[in-house]
Structure formats: C-alpha cells, structure tokens
Amino acid sequence: MTVTVPVRRPVEELPEALKPLRERILSNLTMLARLPAPPGREQDRVQFLLDRFLEAGLTDATTDEIGNAVGRIRGRRGNRTILVVSHLDDIVRSGTEHEITVRADRVIGPGVSDNALGAAVVAILPTILEHLNIELNSNLILLGSILSLERGNHRGIRFFLDQYPEDIHFGICVEGIELGRLDFFSIATARADLVCQVRNGGAPSRPYGSESALVVLNQIINRILGIPVPVRPYTVIRMGKLRAGVSYDTEPTRALLGLEIVSHEDDQVDRILREIEAICFEMSARHAVEAKLDVFFRTRAAGIPFGHRLVTSSIEVMRKLGIEPDQRHTPSEVSEMIARDIPAVTLGITRGRKHQRPKPDYVLIEPILRGVAQVVGVLLAIDSGACDGI
Amino acid sequence: MASEDWLQRRTFHHTNFSDIRWLLQHKERQGLTISLCLPTYNEEKTIGQEIVIFKAELMDRFPLLDEIAVIDSGSTDKTCQIAAEFGADVYIASEHLSEYGHYRGKGENLWKALYLLRGDIIVYVDTDIANIHPRFVYGLVGPLLVNPEVHYVKAFYDRPIAHSRQLRPTGGGRVTEILIRPLFSLFYPELTAILQPLSGQYAGRRSILEQIPFPVGYGVETAMLIDIYQHLGMEAFAQTDLACLIHRNQDTVALGRMAFGVARVFLSRLRRDGKIHYEGQLPTLMRQFEFADGNYRLREYTIEEIERPPMIQVEAYRQKFYPQKEPSSAQELPPLSPPSEQLSGETV
C-alpha cells in the first residue's frame, strides 16, 4: 500500500524541512521540563501549551472542565477528527530540582523524556503545519492531558473522551521516547499499592504477630512470587516500589509495595488480583496487620489489528524516514482511545532514557526531527483517507 | 526625594514588555538592531539552554535579536562547540583586536563585543543562569526601545542560589550590600537607586558604551554605572525586575577577591572625579587566609583591574563603525578616559 501524502514534499524530506524549527522544539522542551508537573499540578504546563496554541492562531484554545489544555484547528472539509495527545504530567521525585542541560547532542534533565518532549511537540504542531504549508481536510484536536500517570489513572484523557461533543475518528499519542515505538493495542494492566500496617501501631502489648510491617510485607512478597504466572497468555507481575521505615533502630509499622500486573488477557489480571487479595487477607489475620491492596489503575486488553490501515500506514511512514518500528504495548493514552473504538497509535519522538535513577533522564537531539516528521507523516496519512477502514 | 522619583519612573517589571510583537514594532520603527552578548568561560552546562531559548524565542519566533554571540575567554570544555551547534556566533576573545593585547576577564569580553557585534543596542547576559527565560532580554531592551532618553538598563531580581541539589530562598548581593551600597551612599548617592548594581544582566546603547572605559575584571559593572552616570546623569538609567534568577553561588572568600577588584575600580574613579586624593598607585595584592592542617596560611592574589580605553578611541573600531566620519563628529560627547593609574598592565 502506498501512503498518499497531500503535501508538496515527500515524507522523506520532512526532517530537512523541519530544521528551521529545531531550536523552537528544543526551547519548548527545556521550558516545559523546567515546570514541575506531578499529577494534579500540571497547571503551568497547561498554560504553556495554551499560550503556544494562542500564539499560533488557535483562538479558541482553552482548558476543559477538568483542566486539560485543548486546541483545535478546523479542517477544510471537517470530514474526520484527529486527536493528537500528549500527557503533561511527570513522575519526577518531589523536591527534585528541574535543572535542564542542553548539550550538543542531548537534552538532560528530570522528565525530559517522559514526557516534556511529547508535550513540546504537541505545543509546536500548529506552527509546524503552518511552516510546512499544510492545511488538513480533517479537524485536528491538540490535547495536553493532565492526571495521566500514577494515581491520575488517565483521568484527564478519559474525561476528555467521554465529554467531547463530537466524534473522534483517529488518535495519535505522542511520547518523548523511544523513536520507533508503535503501540496500537492495550495490554491488560493493573497497578496497585499494597500497604501493610501493623495494628495498634506496633505496641509491645500485642499478644501475637510481627511488630515489623517490613517483615510481614516480605512474607507477602514471597507469597506473591509463588502465584502461578503463565507464559501464554503473556503475563507478568512487576514489583516496582518498596517503601518502609525511617531509621535503623525502629521497626516500621507501615510498609508499601507498588506493583503492576500486565497480561494479554483481562482474566489473568483479575485472577492474580484475587489471589493477592486472598494473601493479604490471610497475612492480616496471621500477623495482626492490616494488609490492603489498593488498585488505582486499570486498563483492559484491547487493540486494533496489526493489519489496520492506521498501523500499516504508520509503519510505512516510519520506514520512509528510516525508523525501525518497535511494536509495543506500554500503557499510554492510546488504551483509552482503543477502549472507545477509536483507532490510535502511540509514537515516540527520539531515543533517550527515563526513570533510571540515579542516572539522569535524557533525550537525543539528532533523531527528534525524524520523530516529529513521523507524527506529521502519520497525520497526513490519516488526513488523506489512507487509514480509513480495517 | 530625587531617588524615589527616579525609582518610580524608571523601575519596570519584565511583564511590562512581554508583548514582544509590540516591542518589535518599536524596534522596526526606529530602525534599530539589537545584539546579545554572552560572555563565557567553561559554561558548557548552561550555555546550550541559553542559546536555544534566546534563538528560538527572540530570533526565530520574533526577530527581536539580530545576532547572538558568545565571546569566550578560552574555555577548555565544550562551551564553544555547544554554542556553535545551536546557531550562536562564537568569538574567542584573544583572537580579536589582538594588536591591542589580551587580558582575561569578563570585562575584556564585553569590551571586545562592542567591536565584534553590530547592534545599536547590546544586551549582556551571564551564562551561568539555570532558569534562563526570554524575559532576561526583552525585559532589558524594553525600556531602551520605548524611551529614547534611556541609554542603559540594569536588571534586578530575586536570587535563590543553587546549593547542592536544592535552592535556598535568599542569598546573593553580599558585595552589593556591604561594599557598593555604602560607597554609593557616600559618594554617588543617586546611584543607590540602582537596586542591584553588580547584576551581570544589562543592556545599553552602543552610543554610550563606546564612550566609556571597560575594566577587564570584577569592576566592569561598577565602572559602567559610575561612568555612564558621569556622562549622562541618572536620567540615562532604567532598571527592570526580572523576577527570579538562579545561578551558581560564590563562596565568601571568592567574593572577597571580587570586592577587592571592585573597590580598586571605585577608588580610582573617586580620584579621577576629584572626590578623594591619594598618592601613588593602589596596591594590587589581595591577602586572604585559609586554615589547613592546623595552621593558618596566607594566600596572596594579584588583582590589577586593568582597564580598556573607550572603544571609540580604538582605531580599528572607528574604521569599522565610522569609516566616513571623525569620531568626534559621530558622537556628541567626549569619551571618558580610564583612570590614569589603570592604564598599565601586563598582557597575557
């Protein structure tokens, strides 16, 4: 299949055409990354996007009721509506100084890869289209979504999708890394905090049980490790966070385990959650603790077929730009769109690193223009009708 | 009180000038050009961000700046490579006007910037700033673009200092408060209205900057204020609140050496202006003590504060900028000479 791109220049030439905008993309990136944005406190980044949208002539750019930044560009025909979204929040540790360094080959600093770069691209997309003399037939919605990560649980985009009065026909999620990322289905995911709290605050008068929440949590972890996890359907339990205690000489009365369960099938996630809850119940009784599982994030397994024209068109655009597609299923806003039968893909902009403390986050500069060109190429493919139908 | 009146009229906030399109109209109507000078010495950590933001926001989006130039003192890190990568013009200070010798120091770079840059307005911004923002430029050029009586604009701001990985809420300005402000109060009371006289962020018209001498070291900011004041009076000044500036901290001992250089420049101007008299030359040796291995040890630093003459007196400059005219006809005011005792000095 050939992607018809209604633009004067072929997709392959877009990176070169975008060169004059490189510093503007990097400027957006550094200024956004310097604005702290834990989930629920993204207002400064929301305002940044709105300012950029307004400057680019999107006169009705505004926030929706929950606080997402929304900009719209009316298409010539308006026969379909495309949503381009980037989440604005990050999970940079509280108290971290948002100090950004721009080297010749990379931008370094907390949150640059997840997801200040994605937001920087969405912020400049109207300018890019104007620079390339592209006027879409389709309506284009640009969304900077809030409350995406951690306990935000995609609340921002879910609110937007549930409340937006018009049909949305396609979606593109923009993430900072990795270039080549192509998510088009959503894996079943549950994220939860398991909190183990010693009853009575660990008073020594307790007749039985442990006085250390950490020790009990360790036993719970060992029990979780004993839960059968099938190879097929692909299923995994990840234990990613562990917090307990303040000093060497005091046993903690509270311990927290952060865990994620992912599977290609919803049933597996449901089963594992039930088993963990049973473990919590049993260990609570055995050790005089309150062990509770708080599931705060869920996505259901869903997706569009590999043969969907949006997927094949995206792959073709990538290959024209020398980008090797890497099909994945990392949780992202794409799952919310797919869950609502909106064909959508997640695209990464460049290569880099995220969330590997104490190593700093970074993004490489050189691939960025190809990454941005890829977003434009997929946008044009959708606009041309090449992605309509299965 | 005159100072209060001046403060009221000539103190701005950067938000007064945040409408860059409006500033651009002023600039174009007057046919002015604006150059940004970034003096550097091993600033690879911060220079990239500064250039990216200034170029993107103030050249590519709005052509408020006509050029961005790094004037480097011989960095041994990647400062120059990074600056060039993002589109700045990079000049190694020692390679230009070399027939006039070379000294190492920020003031030397600022002086040579007058020769190397072409703008009618020159904006000087330090390159160790962690929270750089376009306001650091438009806040400074704004008063110059909207008021022809203003010739020189100084920045002031809150100065949380980068300390370890956290910010301390206050700090900075120690040399100002315990040295400069008392001296200004004694000898140039009107200048006390300049809230942060040692701020490294300022903008001036070429027409006045070329008329004043430039100390090559610590005293350049102090000298600029006194010399422009002597030339044009208080009405030539304005100042802009740039909100918050985060930069590297300097320890008190380093500030002591800075204070020594500033004091020499200050005293030399007092003598030049007939406000004090002393015989001979001021010493150039700064003595400090450090405690190590159970003993106090004397450390001596030679701080000369060499001064460069007004650029208008430099033949190469006159040929470049006033090829058809005599400097005296191009300028209404005679240039200020550097204090005589400062004219000697070894080149490096």
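This text goes with the structure placed above it.
These numbers come from a predicted model, not from an experiment.

(A) Spotlight on the overall build of chain A. A count of helices and strands for chain A gives 10 helices and 18 strands. Against the globule reference of 21 Å for 390 residues, chain A gives a C-alpha radius of gyration of 23 Å, in line with a compact fold. Counting only C-alpha atoms, chain A reaches 80 × 45 × 40 Å along its principal axes. Evaluated residue by residue, chain A yields a buried proportion of 53% over its 390 residues. Nonlocal contacts in chain A, meaning residues at least 24 apart in sequence, comprise 80% of its contacts between residues at least 6 apart.

(B) Just the sheet that holds strand β18 (residues 362-364) of chain A, in detail. Residue and element names in this part refer to chain A. Strand order in the open sheet formed by four strands is β4-β5-β18-β17, with antiparallel pairing between adjacent strands. Every other strand in the sheet has two partners, leaving β4 (101-102) and β17 (352-353) as the edge strands with one partner each. By the bridge criterion, two bridges tie β4 to strand β5 (residues 106-108) in an arrangement that is antiparallel. Bridge assignment links V102 to a residue of β5, and that residue is V107.

(C) Just the sheet that holds strand β13 (residues 289-299) of chain A, in detail. Residue and element names in this part refer to chain A. Here we have four strands laid out as an open sheet, ordered β11-β12-β10-β13, and antiparallel in their pairing. Edge positions in the open sheet fall to β11 (235-244) and β13, since each of these has one partner strand only. Taken over all neighbouring pairs, the strand axes of this sheet differ in orientation by 20 degrees on average, direction set aside. By the bridge criterion, nine bridges tie β11 to strand β12 (residues 254-263) in an arrangement that is antiparallel. Among the inter-strand pairings, R243 is bridged to a residue of β12, identified as L256. Helix-sheet contacts for helix α6 (residues 213-225) involve β10 (188-198), β11, β12 and β13, and the interaxial angle to β10 is about 145 degrees. The sheet strands contacting helix α7 (residues 266-287) are β10, β11, β12 and β13, and the helix crosses β13 at an angle near 165 degrees.

(D) Layout of the packing of helix α7 (residues 174-187) of chain B against helix α10 (residues 252-272) of chain B. Residue and element names in this part refer to chain B. Two elements in contact, α7 and α10, have axes whose closest approach is 10 Å; the angle formed by their N-to-C orientations is 15 degrees. As summarised for this structure, α7 and α10 are arranged roughly parallel, according to the angle between their axes. In this structure, the crossing between α7 and α10 has a hand that is right-handed. On α10, the residues that touch R174, V175, L179, I180, L183 and F187 of α7 are L255, M258, A259, V262, A263, F266 and L270. Class assignment of the residues belonging to the contact of α7 with α10 gives a composition of 12 nonpolar, no polar and one charged.

(E) Summary view of the packing of helix α3 (residues 43-55) of chain A against helix α4 (residues 112-131) of chain A. All names here are of chain A. At a minimum axis distance of 8 Å, the contact between α3 and α4 shows a crossing angle of 20 degrees. If you check the angle between α3 and α4, you find them roughly parallel. Remark: the crossing between α3 and α4 carries right-handed chirality. Taken together, the residues of α4 that come into contact with α3 (itself represented by R45, F48, L49, R52 and F53) are A119, V122, A123, I124 and P126. Class assignment for the residues of the contact of α3 with α4 results in eight nonpolar, no polar and two charged.

(F) View of the interface of chain B and chain A. Chain B puts 21 residues into the contact, and the matching count from chain A is 14 residues. Broken down by secondary-structure element, the contributors of at least two residues to the side of chain B that touches chain A are α3 (47-61), α4 (79-85) and β8 (166-168) of chain B. Here the side of chain B that touches chain A takes nine residues from α3 of chain B, the largest share from any one element. When the residues that make up the side of chain B that touches chain A are grouped by side-chain class, the tally is seven nonpolar, six polar and eight charged.

(G) Focus on the nonpolar core. The biggest cluster of nonpolar side chains holds 182 residues, and the ones touching the most others in it are V121 and V372 of chain A together with C37, A69, V123, V137 and V141 of chain B. Those residues in contact with V121 of chain A that sit more than four places away from it in its chain are I25, S86, V174, I349, V372 and V375 of chain A. A188, I220, L259 and I272 of chain A belong to the second-largest nonpolar core, a separate cluster that totals 28 residues.

(H) Spatial organisation of α7 of chain B. Residues and elements named next belong to chain B. The first and last C-alpha atoms of α7 sit 19 Å apart over 14 residues, in line with the 20 Å expected at 1.5 Å per residue. Its axis deflected by about 35 degrees at I180, α7 carries its strongest bend there, up to four residues before the proline P182. Residues of α7 that are buried include every one of V175, T176, L179, I180 and F184, and no others. The elements touched by buried residues of α7 are α9 (220-232) and α10.

Procedures and definitions
Residues numbered from 1 in each chain as written. Chains lettered and ligands numbered in written order. Predicted model: local features only at pLDDT ≥ 70, side-chain atom pairs only at ≥ 80, totals over all residues. Helix = DSSP H or I, 4+ residues; strand = E, 2+ residues; numbered from the N terminus. Rg over C-alpha atoms; globule rule 2.2 N^0.38 Å. Buried ≥ 20, exposed ≤ 12 C-beta atoms within 10 Å, placed from the backbone. Contact = placed C-beta atoms within 7 Å. Pairing = 2+ DSSP bridges. Axes fitted to C-alpha atoms, helices over the stretch in contact; angles between N-to-C directions. Parallel < 35°, antiparallel > 145°, perpendicular 65-115°, else oblique. Left-handed = near helix turned anticlockwise from the far one by under 90°. Nonpolar A, V, L, I, M, F, W, Y, C, P; charged D, E, K, R; others polar. Core = buried A, V, L, I, M, F, W, Y, C linked by C-beta atoms within 7 Å. Expected span 1.5 Å × (residues − 1). Bend = angle between axes of the 7 residues up to and from the residue.

By themselves these figures say nothing about function.
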